[in-house]
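# Close look at the chain arrangement
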Amino acid sequence: MSSDLYCTDLVRRFGEHRAVDQVSLDVPAGSFFSILGPSGCGKTTLLRLLAGFDRPDSGDIFIRDQRMNTVPPNKRPVNMVFQHLALFPTMSVADNIGYGLKRRKVAAAERRKKTERVLEQVGLPGLGDRMPQQLSGGQRQRVALARCLVLEPTLLLLDEPLGALDLKLREQMKVELKHLQKAFGTTFVYITHDQSEALVMSDRVAVMRNGRFDQVAAPDVLYREPATPFVASFVGDNNRLDGEVLGVDNERVRLRLDTGGEVSGRPSSALAVGQRASLFIRPESMLIGADLPASFSRIETQLSTTLFDGANSRIETRLGERELFARLPQDGSVGDLQPGTTVSLGWEPQRATVFAEAQV
Amino acid sequence: MNRTAGKLSLLLLLTPFVLWIVLLVLLPHVQMLRVSFQVRESWDSLSWGVTQYSNFFAESYYWRTFIRTGVMSMLTTALTLLIGFPIAWYIAKLARGRARGVLFLACLIPFWASELVRTYGWMILLRESGLFSGWLQALGWVDGPVELLYNDAAVIVGLVYNALLFMVVPLVTTLDGLDDNLVEAGYDLGGNHWNVLREVVIPWAMPGIVSGCIVVFMLTLGSYLTPTLMGGKDSAWFTQQIFTQFITRFNWEQGAALGVLLLVLSSLLVWLGLRLTGQNLRKVLG
Amino acid sequence: MNTLHRLGLGLLATTWVISSVQADELRLLTWGGYAPDAVVAQFEEETGIDVQVTLSNNEDMISKLRATGGAGFDLAQPSQDRIIGVQRQFNIYQPLDMSRIESDLFQASMLSATRESTSLNGNQYGVPAVWGTSGLIVADAAANTVTDYTDLCADAVAGRVSYRLKRPTLIGFAYAMGEDPFAAYNDEGEYRAILEKVEAELIDCKPNVKTYWSGGDQLLALLRTGEVTAAMAWDAGGWTLNAEDASINFVAPESGALGWIDTFALPRRAENLDAAYQWINFVMRPEIAAQITNQSGNFTASVGADAFVRAELRDAYRASFDQDALDNINWYPPVPPGLEAIEGQVLDRIQAAN
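The rules behind these values
- Residues numbered from 1 in each chain as written.
- Chains lettered and ligands numbered in written order.
- Predicted model: local features only at pLDDT ≥ 70, side-chain atom pairs only at ≥ 80, totals over all residues.
- Helix = DSSP H or I, 4+ residues; strand = E, 2+ residues; numbered from the N terminus.
- Contact = placed C-beta atoms within 7 Å.
- Nonpolar A, V, L, I, M, F, W, Y, C, P; charged D, E, K, R; others polar.
- Pairing = 2+ DSSP bridges.
- Domains from an automatic or database assignment.
- Core = buried A, V, L, I, M, F, W, Y, C linked by C-beta atoms within 7 Å.
- Buried ≥ 20, exposed ≤ 12 C-beta atoms within 10 Å, placed from the backbone.
- Axes fitted to C-alpha atoms, helices over the stretch in contact; angles between N-to-C directions.
- Parallel < 35°, antiparallel > 145°, perpendicular 65-115°, else oblique.
- Left-handed = near helix turned anticlockwise from the far one by under 90°.
- Arc of directions from axis to C-beta.

## Comments concerning the overall build of chain A
Each helix and strand in chain A was counted, giving eight helices and 20 strands. Long-range pairs, those at least 24 residues apart, make up 65% of the contacts in chain A between residues at least 6 apart in sequence.

## A look at the interface of chain B and chain C
Contacts between the two partners involve 21 residues from chain B and, on the opposite side, 26 residues from chain C. Counting only elements with at least two residues in the side of chain B that touches chain C, the list comes to helix H3 (60-94) and helix H11 (238-248) of chain B. Examining the composition of the side of chain B that touches chain C, we find that four residues originate from one element, H11 of chain B, more than from any other. Among the residues making up the side of chain B that touches chain C, the classes are represented as seven nonpolar, eight polar and six charged.

## Thoughts on the pairing of strand S1 (residues 3-14) of chain A
Residues and elements named next belong to chain A. The pairing of S1 with strand S2 (residues 17-28) spans nine bridges and is antiparallel. Looking across to S2, one finds that Arg-12 is bridged to Val-20. Here S1 folds back onto S2 in antiparallel fashion, the turn holding two residues, of which Gly-15 has a positive phi close to 65 degrees. By the bridge criterion, five bridges tie S1 to strand S4 (residues 58-63) in an arrangement that is antiparallel. Note on S4: the bridge partner recorded for Leu-5 is Ile-63.

## Quick look at the domain arrangement of chain A
For chain A, the domain assignment lists domain 1 (3-227) and domain 2 (237-359). If you average the C-alpha positions of domain 1 of chain A and of domain 2 of chain A, the two centres end up 39 Å apart.

## Brief notes about the nonpolar core
In this structure, Leu-157 and Val-207 of chain A are the most contacted members of the largest nonpolar core, which totals 136 residues. In terms of residue count, the dominant contributor to this core is helix H7 (residues 152-176) of chain B (14 residues). Mapping this core onto the domain boundaries places at least three of its residues in each of domain 1 (3-227) and domain 2 (237-359) of chain A. With near-sequence residues (within four places) excluded, Leu-157 of chain A lies in contact with Leu-47, Leu-50, Ala-51, Val-78, Met-80 and Val-189 of chain A. Counting 113 residues, the second-largest nonpolar core is a separate cluster that includes Leu-105, Leu-219, Ala-265 and Leu-313 of chain C.

## Structural notes on the sheet that holds strand S12 (residues 253-257) of chain A
Residues and elements named next belong to chain A. Taken together, the five strands give a closed barrel; going around it, the order is S11-S12-S13-S20-S14, and neighbouring strands pair in mixed fashion. On average, each strand axis in the sheet is tilted by 55 degrees relative to the strand beside it, whichever way the strands run. Bridge count for strand S11 (residues 239-248) against S12 is five bridges, and the pairing is antiparallel. Looking across to S12, one finds that Gly-247 is bridged to Arg-254.

## Re the packing of helix H2 (residues 51-58) of chain B against helix H12 (residues 252-276) of chain B
Residues and elements named next belong to chain B. H12 packs onto H2 with a crossing angle of 65 degrees between their chain directions and a minimal axis gap of 9 Å. By the angle between their axes, H2 is roughly perpendicular relative to H12. In this structure, the crossing between H2 and H12 has a hand that is right-handed. Counted together, Gln-52, Tyr-53, Asn-55 and Phe-56 of H2 and Glu-253, Gln-254, Ala-257, Leu-258 and Leu-261 of H12 form the full contact between these two elements.

## A short note on the interface of chain A and chain B
The interface is formed by 17 residues belonging to chain A together with 16 residues belonging to chain B. Sorting the residues of the side of chain A that touches chain B by element identifies strand S6 (78-81) and helix H2 (93-103) of chain A as the ones contributing at least two each. When residues of the side of chain A that touches chain B are assigned to their parent elements, the largest contribution, three residues, is made by H2 of chain A. Residues of the side of chain A that touches chain B, tallied by class, amount to nine nonpolar, five polar and three charged.

## Here's the deal with the sheet that holds strand S16 (residues 297-307) of chain A
Strands sit in the order S15-S19-S16-S17-S18 (chain A) across an open sheet of five strands; the sheet is antiparallel. Looking along the sheet, the strands with just one partner apiece sit at the ends: strand S15 (287-288) and strand S18 (322-327) of chain A.

## Some points on the packing of H11 of chain B against H12 of chain B
Residues and elements named next belong to chain B. Relative to each other, H11 and H12 sit at 155 degrees, their axes nearing to 7 Å. Compared by their axis directions, H11 and H12 come out roughly antiparallel. As H11 runs across H12, the sense of the crossing is left-handed. Only Trp-252, Gln-254, Gly-255, Leu-258, Gly-259 and Leu-262 of H12 make contact with H11, whose side of the interface consists of Phe-238, Gln-241, Ile-242, Gln-245 and Phe-246.

## Points about the pairing of strand S8 (residues 187-192) of chain A
Residues and elements named next belong to chain A. Within S8, six of the six residues are buried, which leaves it mostly tucked inside the rest of the structure. The alternating pattern of S8 places Thr-187, Val-189 and Ile-191 on one face and Phe-188, Tyr-190 and Thr-192 on the opposite face, and all of these are buried. In this structure, strand S3 (residues 32-36) lies alongside S8, joined through five bridges in parallel fashion. Note on S8: the bridge partner recorded for Phe-33 is Val-189. Strand direction decides the pairing type here: strand S7 (residues 155-159) and S8, joined by five bridges, are parallel.

## Describing the environment of Phe-166 of chain B
All names here are of chain B. Mapped onto the fold, Phe-166 is located in helix H7. Judged by C-beta crowding, with 23 C-beta atoms within 10 Å, Phe-166 ranks as buried. With 40 residues separating them in the primary sequence, Phe-166 and Met-206 have C-alpha atoms 15 Å apart. The residues touching Phe-166, leaving out its near neighbours within four places in the chain, are Gly-212, Val-215, Val-216 and Leu-219.

## Concerning the arrangement of the chains
Counting contacts across all two pairs of chains found in contact, the highest total belongs to chains B and C. No interface is formed between chain A and chain C, the nearest pair of C-alpha atoms being 46 Å apart.

## A look at the environment of Ser-60 of chain B
Relative to the helices and strands, Ser-60 of chain B is located in helix H3. Between the alpha carbons of Ser-60 of chain B and Leu-268 of chain B there is a distance of 20 Å; along the sequence they are 208 residues apart.

## Remarks on helix H6 (residues 167-176) of chain C
All names here are of chain C. Most of H6 is tucked away: nine of the ten residues are buried. Taken as a whole, H6 has its buried residues at Arg-167, Thr-169, Leu-170, Ile-171, Gly-172, Phe-173, Ala-174, Tyr-175 and Ala-176. Among the structural elements, strand S7 (127-139), helix H7 (188-205), strand S9 (230-234), strand S11 (258-264), strand S14 (330-331) and helix H14 (339-352) are those in contact with the buried residues of H6. One or two residues past the end of H6 sits Gly-178, with phi positive at roughly 90 degrees.

## Points about helix H12 (residues 311-320) of chain C
Residue and element names in this part refer to chain C. Listed as buried for H12 are Leu-313, Ala-316, Tyr-317 and Ser-320. In a view along the axis of H12, the buried residues occupy a sector of 100 degrees, so they form one face of it. Exposed side of H12, more than 90 degrees from the buried face: Ala-311, Glu-312 and Arg-318 are the residues found there. Those residues of H12 hidden inside the fold are in contact with helix H9 (235-244), strand S10 (248-251) and helix H11 (286-296).

## Let's talk about the environment of Met-72 of chain B
Residue and element names in this part refer to chain B. Of note, Met-72 is situated in helix H3. A count of 21 C-beta atoms within 10 Å places Met-72 in the buried class. Sequence-wise, Met-72 and Leu-221 are 149 residues apart; in three dimensions their C-alpha atoms are separated by 8.4 Å.

Listed below in structure tokens is the structure:
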């Protein structure tokens, strides 16, 4: 599979600060690629480099093997859906969509046909005469997409376009976006700070921190096998326990917790005996009860509270200074729990990941 | 009880405004309208008529001066817009923090001096024995002193300078509200500078452009000192004729008629301008 | 009675109270230089009367007094030719009581000339105060070319000329063209005919003119910088320049300088007549009148004031006027009503012509 977007060692400095620091990426044609990171991690700067609003200090950007570094934004086969959509408020929906076509000297009749078709494709047939202000949030979203997709760009950049929507609409649009991407077959590069958006829609996700990529992987790999403690804690919920390495073999590392007790997990890198380390275990892998298999690691915690949320119900417990979460199954397997009582928690060591603390 | 109090306080709040409008705007205009229809024979006898108005149309120099004033004012307005727009763009979009304030102040500072002082400033620069003439000679571009004052170009320079602030302020206000992303989207979708300016920026700034143009046009049309002092011997300005009628001819009746005509005709021009650009006053006033 | 009326009355009452409190005050409507600070101070010391000076010119005086029907000032100083016509049209002055004026202080010939030109229905409205002329201010460079008004249109001074677009220019040019406009004052048809010729001449002359001056300071600046070498203007301005630069002086034109006399006249609703008469008799004392001459550059109707005038001013005056030139002065007669409307149209046409 050829790549639509290929970048090597991109650097963008603002004074001493490196907003984008040695980033390389490779996005295959027709895929949905997300860049996930907290605000200030440099993901917007990276996107602006790709769109052409900004120039990298070093490194190269290739789109379909064409070097793009000095190509201005209006000459790149790239379009962007802005965070606040940036629909032209003085133009009707049809004029918004027709704007790009007009720039390509598409004849008026052809323009109208294309506009109508793309409006149909995004599920807004016949709304061409409306002004953007007359549309709902979700409809505006689709117009912003249609405005770009009608130009059939090689690459579509999306800058957290769902941020302004309310929760329910956001859930709906996530799925919709994924479908549209499949239907149009356009390569999407999507940036977001919302890990759920990234995980649901993407073929591949890059987790970005301090201008660098921590890990680039498929969503399930990212979730199950985080490469760094940052990825482990940023992508999905996670519990963290600190301690000292007691022993290592190929598959297992044993840890003495600072709060006492001994637990095991899967090492993510080479660890030495006596080294400080952190163990990460997801709430859904943390099981409640005393009668767990012998191979499981166990800890005794104080129950703080139970949080009922249907299938996502959890308990919050306390171990020393740390708050830990565990999934609370709603099948009645766990009896009535009272705050303040001692709760046994355990996990299969295979599901826990241990990182050297220096990496944190 | 509460509603009466509310009404009363509203009345009290409005009173100064209403007084101002009635005493200083409405009454003088009504009085001017009345005087403009009077025909005076001597101090104790007068009759009514439209002589003064027919004079305007019969004597070619009145309406020719008016057309001249109107055309020059439009030219001044267009030039002010051309010069003011980049300035406003720079202040609203490119300048940050302190620079913004300083630039705004720089536009404002000339208005700390009176129009007379500003005009004399330009006269010192432009006159034959003035600075520009001296520099041109020092640079060897001209052989002898050149007169840059006393022509229409000088008048327009002076008028544009006087009007610039009134164009820049509404433009900065509207451009300030323009989301940078809209401009970027304009480029991103394949537009060049001209496309983005024409299809994205100007439609957005239209209310500011129109209100700026109206203010500048009316201000220029009604200016007196600059055209009088900087204009050449041909540069008649309509307000000069009104002034002459009132002050040097004691012909208040003719002056009032010309004043009424200026008000009516300039309002007509503004209305026409609004129609032609497809704007309406309500939209412009926001 | 509505609120507006009440408010208006309130305002009027307030003004009345304020104005009646300061009864011993002389509100003088005059020209720049006619009430020097030293003279005002001396008058206030002698009489205890406060003097409020408002600077003005002929047109402005008429406008101000017309607006109030002759109120707001106790003494005005219009030119003698601008009194009866205006009085007939707008009724803004009141007759003088000649018994309260010390006529010995005045030059007799000037006093009688002014009596003739400011009398209406047997009442006298003005007594002479300051006199002067309009003529030419010429720099040495143009001295050989410009000896009369029409010489301003000569090619030799093209682009170096300035004059006002006002009635003295029309009249000066008419004289230089061999007409007698003052004689035609009361024959509207003839006057119109004369002005038509002048209009054609002034339109032809337009390319020669650098700019039409409108203020005294503006003209002095033009002459000082050499941007203009010949201009039609007042004698006093020429003498001021002569004091700075001997190569510039006032020249009485061959067809005669235009002589004007500024008077004392009483506004119809003057409030402090006593003070007004006191001021007239005070400033006509020779030593006081000389101070006015020194300040304004113009000579007064006071007898014997010449002895106290600055020597260089007297010399400049003598250089400009020999006896022939003095005899040749055309004194402005009173302007009949309606004349200014004709002149106004002529001036407008000249201004608008291309």
